[in-house]
Amino acid sequence: MATKIRLQRFGKKGKPFFHVVVADSRSPRDGKFIERLGSYNPNTNPATIEINFDKTLDWVNKGAEPTDTCRAILSYKGVLYKKHLEGGVKKGALTAEQAEVKFAEWLSAKEGRIEGKKDGLTKSKEEVKKAALAAEAKKNADRAAALAIKNAPVVEEVVAEEEVADEAPAAEVATEEAAPAAEENKEEA
C-alpha cells in the first residue's frame, strides 16, 4: 500500500486549518487516514506548525511520501534534515554524536531566525501604532484649533468693530494723501 503524508483541510471558508496525516494514496483528501501527525495553521504569521517529530520521522523512514506542501513543512521543522543525517550515519560518513551536534546547531539557528521574524513583526506593529497615534494627536490638535477659531470670532467682532471705527478717520487721511501722490505720478509720466 502506497502511503502519503498530506494535509487534511478543516476550518471555515477563507480560514483554512489543516491536519497533517498519513493516509493511503487512494483515499480522498478529507477521508480515511492511518495516523494524525500534527497540525498546520497558515492563518497566523508566521504559520503555526505542530508536528510529532518522532512519529513523522518514523513514517518518512518507512517510505511514506510527503506531498509538496508537506515536504516544505517537514523541511521547515527539520524532519527531512534529520533523515538525511541518519542516512549519513548508516553510510559511515558521520557518527551519531556528530549528527546530533549538527542537528542541534541547525535547530538553534532555525529558532533564532523564527524569533527574529516574530520580533520584527511586533516592532513593525508597534511602529504602525505609534505613527497612527501621532497622526491622531495631530488631527485632534487641528480640530481643537479650528474649534477655537470658530468660537473666538464672537469676541473679536466687537473688538473688530471698534478698530474699524478708529481706523476710518485714518483711512480717509491715507486716501487724501494717496490722491496727490497719484497725480504727481501722472505728471511725471
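Only a predicted model underlies this, so the values are computations on that prediction, with no experimental measurement involved.

Chemist: Help me out: how do you make sense of the sheet that holds strand β4 (residues 48-51) in this one?
Modeler: Remark on secondary structure: sheet strands pair via backbone hydrogen bonds, oriented parallel or antiparallel. Reading across the sheet, the 5 strands line up as β4-β3-β2-β1-β5 and stay open at both edges, with mixed pairing between neighbours. The sheet is open, and its two edges are formed by β4 and β5 (65-66), each paired on a single side.

Chemist: Looking at this structure, I do not really get the environment of Asp 24. What am I missing?
Modeler: Secondary-structure assignment places Asp 24 in strand β2 (residues 15-24). In the structure, Asp 24 is positioned 40 residues away from Ala 64 in sequence and 9.4 Å away in space, judged by C-alpha atoms. Polar side-chain contacts of Asp 24 include one of 3.0 Å to the side chain of Arg 26.

Chemist: What is the right way to look at the layout of surface pockets in this model?
Modeler: If a probe the size of a water molecule is rolled over the atoms, the empty space left behind becomes visible. The volume enclosed by the largest pocket comes to roughly 260 Å³. Around the largest pocket, the lining is made up of 13 residues, and of these Ile 49, Tyr 76, Lys 77, Glu 111 and Ile 114 lie nearest the centre. At the level of secondary structure, the elements contributing two or more residues to the lining of the largest pocket comprise β4, α2 (68-77) and α4 (96-151). Top contributing element to the lining of the largest pocket by residue count: α4, with 5 residues. Taken together, the residues of the lining of the largest pocket sort by class into 8 nonpolar, 1 polar and 4 charged.

Chemist: I keep staring at the packing of aromatic side chains and nothing clicks. Help me out?
Modeler: Given two aromatic rings, their pairing is described by the distance between the two centres and the angle made by the two planes. What the rule picks out here adds up to 5 aromatic pairs. The interplanar angle of 45 degrees and the centroid separation of 5.7 Å between the aromatic rings of Phe 53 and Phe 103 together place this pair among those described as tilted. Of this pair, Phe 53 sits in helix α1 (residues 53-62) while Phe 103 sits in helix α4, and the two are 50 residues apart along the sequence. Ring centres 6.4 Å apart and planes at 25 degrees place the aromatic pair Tyr 81 and Phe 103 in the stacked group. Taken together, the positions of Tyr 81 in helix α3 (residues 79-91) and Phe 103 in helix α4 put the pair 22 residues apart, joining distant regions of the chain. An aromatic cluster is present here, built from Phe 53, Tyr 81, Phe 103 and Trp 106 joined pairwise through their rings.

Calculation criteria
- Residues numbered from 1 in each chain as written.
- Predicted model: local features only at pLDDT ≥ 70, side-chain atom pairs only at ≥ 80, totals over all residues.
- Heavy atoms only, no water.
- Pairing = 2+ DSSP bridges.
- Helix = DSSP H or I, 4+ residues; strand = E, 2+ residues; numbered from the N terminus.
- Polar contact = N/O pair within 3.5 Å; in protein donor to acceptor, adjacent residues only side chain to side chain.
- 1 Å grid on protein atoms, 1.4 Å probe; cavity = no way out; pocket = protein on both sides within 12 Å on 5 of 7 lines; lining within 4 Å.
- Points joined across faces, edges and corners; volume = space filled by probe spheres on them.
- Nonpolar A, V, L, I, M, F, W, Y, C, P; charged D, E, K, R; others polar.
- Phe/Tyr/Trp six-rings, centres within 6.5 Å; stacked < 30°, edge-to-face > 60°.

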